[in-house]
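Report on the structure
One letter stands for each residue in the lines below.
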Amino acid sequence: MKRNLMDEIDSGTKSSLIKKRIINHYINHGNSTITDLSRAVDLSVPTVTKFIVEMCRSGYINDYGKLETNGGRHPNLYGLNPDSAYFVGVDLQAEAVVLGLMDFKGDMIKVKPIAPFMLRNDDECIDNICRYVLDFIREAGVPEEKIINININIPSRVNPKTGHSFGFFNYIEKPLYTMFAERLGFHVSIDNDTRAMAYGEYMKGCVEKEKNIIFVNVSWGLSISIIIDGKIYYGKSGFSGEFGHIPAYDNEVLCYCGKKGCLETEVSGSALYRKLIQKVREGETSILSGRILDNEPLTLHDIIAATNREDTLCIDLVENVGRELGRQVSTLINIFNPDLVVVGGTLSQTGDYLIQPIEASVRKYSLSLVNKDTRIRRSALLENAGITGACMLARTKMFEIEE
């Protein structure tokens, strides 16, 4: 492993713990004065000043000059030095892998999608991922010793603490973060793709001051991520959010999980894909009819593009997904009473065709006393939510403090 910031910060001493708390404050709140920082970390101004001076000398904190105030003494603003550390995100998708590089302040430096790519449960796929990551790091041109962590988003059930995935690469006995770290030569963490999307939206997307959020990922499958009081809720084993596998229908449609009637058999990109093909073959028309009847390859993105080109059949199917999804989201609102529901994932790229039916169903099925304070918003980051979250998690995970 290359030596970097963590060799100084992660020593386990009381001093390193205080430095982590200071960095955590800057990650979550941006630049601040020493007075505000001392109040936030519950330490005296002289103590905080001592640490800030030391961290400035080490190059991890910058003095950003005087804070403009209305009269009186102008205090100095301090914050993270963007060039002192970097973080790599890897967002694994069914047909693409997206790579991102973020600086210490949280600004994206470089994003690179790689396609075609097929996410498979085998060693060849792992070799390809590692090659893409190492090539990306070389292309980025930043000093390798300043790359603190690489976070890899993996679809399906992921336990970040044990380092195991139960959807992909589940045949590997050792923790995946250890396996990837050995192959890449950098510190590695892993997480679920929907949680990463939610965290990206929370840190850089449509979330404003809300702290209690449900993020709904409507892509090929369906899942949610829950943020409570500004923190991701993982559940006992890291498996929270399997919303798509609620037994919601008596439809005899086999879900990929092996059970029948799961919510995502009717409310997901895969359900949209299946129903469009079925309806065209039954005689209904779409601008995609020729390709379907000729058995040409068709992707979910093709269906979204047709929807946004005002294809009537595709619009009807997307709106039906929205109505059914809104009905189920109503239950979540009744249970959690969140500040905000964010709708993201691939299908969110259809805009109001999906969002308006969701809102109508929520008004119809949820308790008005509960939903009146809950806002529903479409993802602001859209297709960049996953990679933004991957980079953000790569940074946050390195400075987490066990409570």
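Above this text is the structure in question.
Okay, so let's go over this structure. No experiment lies behind these values; they were computed from the predicted model shown. (Residues numbered from 1 in each chain as written. Predicted model: local features only at pLDDT ≥ 70, side-chain atom pairs only at ≥ 80, totals over all residues. Heavy atoms only, no water.)

1. Re the overall build of the chain
Secondary structure summary: the chain contains 14 helices and 15 strands in total. By the compact-globule yardstick of 22 Å for 403 residues, the chain fits well, its C-alpha radius of gyration being 23 Å. Taking the contacts inside the chain whose residues are at least 6 apart along the sequence as the reference set, 63% of them involve residues at least 24 apart. Surface exposure of the chain reaches about 18800 Å², of which carbon and sulfur atoms provide 49%. If the 46 positive side-chain charges of the chain are averaged to one point and the 52 negative ones to another, these points end up 5 Å apart. (Helix = DSSP H or I, 4+ residues; strand = E, 2+ residues; numbered from the N terminus. Rg over C-alpha atoms; globule rule 2.2 N^0.38 Å. Contact = heavy atoms within 4.5 Å. Areas by Shrake-Rupley, 256 points an atom, 1.4 Å probe, with all protein chains shown as cover. Lys, Arg positive; Asp, Glu negative; His and termini not counted. Charge placed at Lys NZ, Arg CZ, Asp CG, Glu CD.)

2. What to know about the layout of surface pockets
Computed from the structure, the second largest pocket encloses a volume of approximately 1400 Å³. Forming the boundary of the second largest pocket are 46 residues, of which Q93, A94, S219, W220 and G221 lie nearest the centre. Contributions of two or more residues to the lining of the second largest pocket are made by β4 (86-92), β6 (108-114), α7 (193-204), β12 (222-228), α8 (269-281) and α10 (300-308). With three residues, the single largest contributor to the lining of the second largest pocket is α7. In terms of residue class, the lining of the second largest pocket is made up of 20 nonpolar, 19 polar and seven charged. (1 Å grid on protein atoms, 1.4 Å probe; cavity = no way out; pocket = protein on both sides within 12 Å on 5 of 7 lines; lining within 4 Å. Points joined across faces, edges and corners; volume = space filled by probe spheres on them. Nonpolar A, V, L, I, M, F, W, Y, C, P; charged D, E, K, R; others polar.)

3. Some words on the environment of N31
With respect to the element layout, N31 can be found in the loop between α2 (14-29) and β1 (32-33). As a C-alpha pair, N31 and F215 span 184 residues in sequence and 28 Å in three-dimensional space. For N31, the residues in contact, after removing those within four places along its chain, are Y26, Y64, L77, Y78, G79, L80 and K105. Here K105 takes part through its side chain, which lies 3.2 Å from a polar atom of the side chain of N31. (Polar contact = N/O pair within 3.5 Å; in protein donor to acceptor, adjacent residues only side chain to side chain.)

4. Here we look at α8
Spanning 13 residues, α8 covers 18 Å between terminal C-alpha atoms, matching the ideal 18 Å at 1.5 Å per step. Listed in full, the buried residues belonging to α8 are G269, S270, A271, L272, K275, L276, I277 and V280. Buried residues along α8 sit in contact with α9 (289-293), α10 and α11 (312-336). Just downstream of α8 lies G283, where phi reads positive at about 115°. (Expected span 1.5 Å × (residues − 1). Buried < 20%, exposed > 50% of the residue type's maximum accessible area, 1.4 Å probe, protein only.)

5. Notes on the sheet that holds β4
Backbone hydrogen bonds hold the strands of a sheet together, and the pairing may be parallel or antiparallel. Here we have five strands laid out as an open sheet, ordered β6-β5-β4-β7-β10, and mixed in their pairing. Each of the sheet's edge strands pairs with one partner strand only, and the pair in question is β6 and β10 (188-192). Along the sheet, successive strands turn relative to each other by an average axial angle of 15°, direction set aside. Sheet topology places strand β7 (residues 147-154) next to β10; five bridges connect them, and they run parallel. Counted as the bridge partner of N153 is D191 from β10. (Pairing = 2+ DSSP bridges. Axes fitted to C-alpha atoms, helices over the stretch in contact; angles between N-to-C directions.)

6. Topic: the pattern of salt bridges
One pass over the full model with this rule turns up 20 salt bridges. Two residues, R120 and D122, come together in a salt bridge whose shortest N-O distance is 2.9 Å. A residue is classified by how much of its surface remains accessible, and R120, at 28% relative accessible area, is partly exposed. Of the charged contacts, one joins R377 and E210 as a salt bridge, the two residues approaching to 2.7 Å between their closest N and O atoms. Here R377, found in strand β15 (residues 375-378), pairs with E210, found in the loop between α7 and β11 (213-218); they are 167 residues apart in sequence, far enough to count as distant. (Salt bridge = Lys/Arg side-chain N within 4 Å of Asp/Glu carboxyl O.)

7. A short note on empty space enclosed by the protein
To locate leftover empty space, one rolls a probe as large as a water molecule over the atoms. For the structure shown, the criterion picks out one cavity of 30 Å³ or more. Counted as a void, the largest cavity has a volume near 60 Å³. In this structure, the largest cavity is lined by 13 residues; those nearest its centre are S156, N192, R195, S240 and E242. For the lining of the largest cavity, the elements supplying multiple residues, two or more each, are α7 and β12. Grouping the amino acids of the lining of the largest cavity by side-chain chemistry returns three nonpolar, seven polar and three charged.

8. Observations concerning the packing of helix α5 (residues 123-140) against helix α6 (residues 176-184)
The interhelical angle for the contact between α5 and α6, taken along N-to-C directions, is 55°, at an axis separation of 10 Å. Taken as axis vectors, α5 and α6 run oblique relative to one another. Handedness of the crossing formed by α5 with α6: right-handed. On α6, the residues that touch D123, I126, D127, I129, C130, V133 and L134 of α5 are M179, F180, R183 and L184. (Parallel < 35°, antiparallel > 145°, perpendicular 65-115°, else oblique. Left-handed = near helix turned anticlockwise from the far one by under 90°.)

9. A look at unusual backbone geometry
Excluding glycine, a negative phi dihedral is what most residues carry, and trans is how most peptide bonds are arranged. In this model, A115 is joined to P116 through a cis peptide bond whose omega is 5°. Positionally, P116 belongs in the loop between β6 and α5. The residue N295 is not glycine, and still its phi comes out positive at about 60°. Secondary-structure assignment places N295 in the loop between α9 and α10. A positive phi angle, near 50°, is found at N337, a position not held by glycine. Mapped onto the elements of the fold, N337 is located in the loop between α11 and β14 (340-344).

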